[in-house]
Number of protein chains: 2
Amino acid sequence: MSTILTRKQESLIRSLGTRHGRRESGFCLVEGLRTAREAVLLRPDLVELCILREGTEFAEAIEEKTVVVPEKQYETLCGTVNSQGVLLLCREPGYLSVEEPLSDPWVLLLDRVADPGNFGTILRTARAAGLHEIVVVKGGVDPYGEKALRAGMGAQFAMGIRKFESLADAAEHLKKMGVKTFYRTEPAGGNSIFREEGLFENSAVILGNEANGADPLEGSVPLVIPMPGSAESLNVAQAGTVVLFEYVRRAGY
Amino acid sequence: MSTILTRKQESLIRSLGTRHGRRESGFCLVEGLRTAREAVLLRPDLVELCILREGTEFAEAIEEKTVVVPEKQYETLCGTVNSQGVLLLCREPGYLSVEEPLSDPWVLLLDRVADPGNFGTILRTARAAGLHEIVVVKGGVDPYGEKALRAGMGAQFAMGIRKFESLADAAEHLKKMGVKTFYRTEPAGGNSIFREEGLFENSAVILGNEANGADPLEGSVPLVIPMPGSAESLNVAQAGTVVLFEYVRRAGY
């Protein structure tokens, strides 16, 4: 355990506050006890530094990588107001290679989901539902940004993320990997998600961007999440949750 | 249509930025085109003022209550950075009287859900699922605060909210109103939400606080949302979504 942070480490940590700084570096910052615990337990290989605010207990800390800093210094490093006193500097888990075989019988495909809270929540929920990866399309949220990590509650360290250039590019690759049906959630109408047979067999379920929905995709099957009430739509993280737990239910739980 | 805001109106609007200021006043501020549209269409009786930033189109504006203000003045009134240029000053919809009969065959009971985003999302999702009210317990989030309104996307103007002093107090009243079974969601175990018969018949499903869960309630039935994956828990808004759409599914959609 050490009490000194090198200047280089300090300036790296500060630069990670900006999206650009983070992107350049290949590192990310993990805050909060629960998320930090998951990161250390799931991917100790990615942890570069455990920075603890003086007095903070963190049983999972990796001793040889731990630095304890005074409160004042900690505050300058950590953007969060009510921080729990644990900050991890981690290497980014990075993306699955597009050539790796798919991990699950179906994939959830996010077409440029833009809100980091929604993205993190979907990843966390997909993990709870027993998926092992998620597919994203370029132009969406940064999966390893601070807010996405916070909402993910450690899911970024448990789940694979596969990224494609566009929805069309994703479809092309996924077809080669065995995906036979592409379902797109459509508020306008389609088969009910609760009645569509084969929904989770060699398929991809597409969720679109919060404002503009998903790109059109030739040959995709429209799917509706029935809304008996008067609401116009569901939040995309809620739509994802309905899909994911319909999968859990059909698996016999 | 007017272009002048009285000093009294201006200072009222500014005071609504604080929870205390809002609570004292009985008013709330609605921002964003979609939410404002819902508020005007669902509860025009509650709208006191439609404040438009110069140049903003808002077809639903109630003409005799509309004030158009220059951009600079608008910015001083509106806390949001990327505001869409519509700000409504509304009277709070307020709570259902505890004596009013229940609106639905079952109730979703939030025991001190504390995050306004979660609360608003649950309300929006309950509306989509066809419920007409939600039950809350004192000590949770302010349903008419800025963030809760934003996440609710207008649901606060469509849904009734019934509020009790405590979970025990809620249970006592709800029993008198015909609720026979109280289910509490428990990560620790219980009957699967997908297999529990009678889940939505004269029942209350309790969702607890994000950090501490729900208070214990004698005689309540533990219910589990199965999580085949390795995640520790679900976000409370996701748990609520699973419950709400299991209701939709069972209704035959």
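Residues numbered from 1 in each chain as written. Chains lettered and ligands numbered in written order. Predicted model: local features only at pLDDT ≥ 70, side-chain atom pairs only at ≥ 80, totals over all residues. Heavy atoms only, no water.

**Student:** Lay out the relation of the copies chain A and chain B in plain terms, naming residues and giving numbers.
**Tutor:** Expressed as a screw operation, the relation of chain A to chain B combines 0.0 Å of axial shift with a rotation of 180°, fitting to an RMSD of 0.0 Å. Given the turn and translation reported, the copies of this chain are related as if by a two-fold rotation axis. The residues that chain A uses at the interface reappear at the interface of chain B in 97% of cases, marking a shared surface. (Least-squares fit on C-alpha atoms with pLDDT ≥ 70 in both. Contact = heavy atoms within 4.5 Å.)

**Student:** Kindly report on the confidence of the model for chain A, identifying the contributing residues and their values.
**Tutor:** Should the pLDDT be low somewhere, the predicted coordinates at that spot are not to be read in detail. Here chain A averages 93 in pLDDT, while 98% of its residues score no lower than 70. Taken over the whole predicted complex, pTM reads 0.95, whereas the ipTM for its chain interfaces reads 0.95. (pLDDT = per-residue confidence, 0-100.)

**Student:** Now, about the packing of aromatic side chains: what can you tell me, with residues and values included?
**Tutor:** All names here are of chain A. Scanning the model with the defined rule gives eight aromatic pairs over all chains in all. A centroid spacing of 5.2 Å and a plane angle of 65° characterise the contact between Trp106 and Tyr247, whose relative ring orientation is edge-to-face. Of this pair, Trp106 sits in strand β5 (residues 106-111) while Tyr247 sits in helix α8 (residues 236-250), placing them 141 residues apart in sequence. Like Tyr247, Trp106 is buried. Counting every residue linked through ring pairs, the aromatic cluster contains Trp106, Phe200 and Tyr247. (Phe/Tyr/Trp six-rings, centres within 6.5 Å; stacked < 30°, edge-to-face > 60°. Helix = DSSP H or I, 4+ residues; strand = E, 2+ residues; numbered from the N terminus. Buried < 20%, exposed > 50% of the residue type's maximum accessible area, 1.4 Å probe, protein only.)

**Student:** Break down the interface of chain A and chain B for me, with residues and values.
**Tutor:** With 33 residues of chain A at the contact, the number on the chain B side is 32 residues. In this assembly, chain A packs against chain B so that about 3,000 Å² is buried in total across both faces, 57% of it on carbon and sulfur atoms. The tally of links between chain A and chain B comes to two salt bridges. Arg34 of chain B serves as the salt-bridge partner of Glu232 of chain A, at 3.7 Å between the closest nitrogen and oxygen. On inspection of chain A and its partner chain B, the count reaches 19 residue pairs in polar contact (both at pLDDT 80 or more). Top contributing element to the side of chain A that touches chain B by residue count: α8 of chain A, with eight residues. Partitioning the side of chain A that touches chain B into residue classes produces 14 nonpolar, 11 polar and eight charged. (Buried area = accessible area lost by both parts, 1.4 Å probe. Salt bridge = Lys/Arg side-chain N within 4 Å of Asp/Glu carboxyl O. Polar contact = N/O pair within 3.5 Å; in protein donor to acceptor, adjacent residues only side chain to side chain. Nonpolar A, V, L, I, M, F, W, Y, C, P; charged D, E, K, R; others polar.)

**Student:** Give me the lowdown on the nonpolar core, citing residues and values where you can.
**Tutor:** Membership of the largest hydrophobic core comes to 110 residues, with the highest contact counts inside it found for Leu88, Leu108 and Phe245 of chain A together with Leu88, Leu108 and Phe245 of chain B. Excluding its chain neighbours within four sequence positions, the residues that come into contact with Leu108 of chain A are Ile122, Leu131, Ile134, Val135, Val205, Leu207, Val243 and Leu244 of chain A. (Core = buried A, V, L, I, M, F, W, Y, C linked by side-chain atoms within 4.5 Å.)

**Student:** Outline the pairing of strand β4 (residues 86-91) of chain B, supporting the account with residue identities and numerical values.
**Tutor:** Residues and elements named next belong to chain B. Extensive coverage of β4 is indicated by the burial of five of its six residues. Here strand β1 (residues 27-31) runs beside β4; their pairing, made up of five bridges, is antiparallel. Opposite Cys28, over in β4, you have Cys90 as the bridge partner. As judged from the five bridges shared by strand β2 (residues 47-53) and β4, these two strands associate in the antiparallel manner. (Pairing = 2+ DSSP bridges.)

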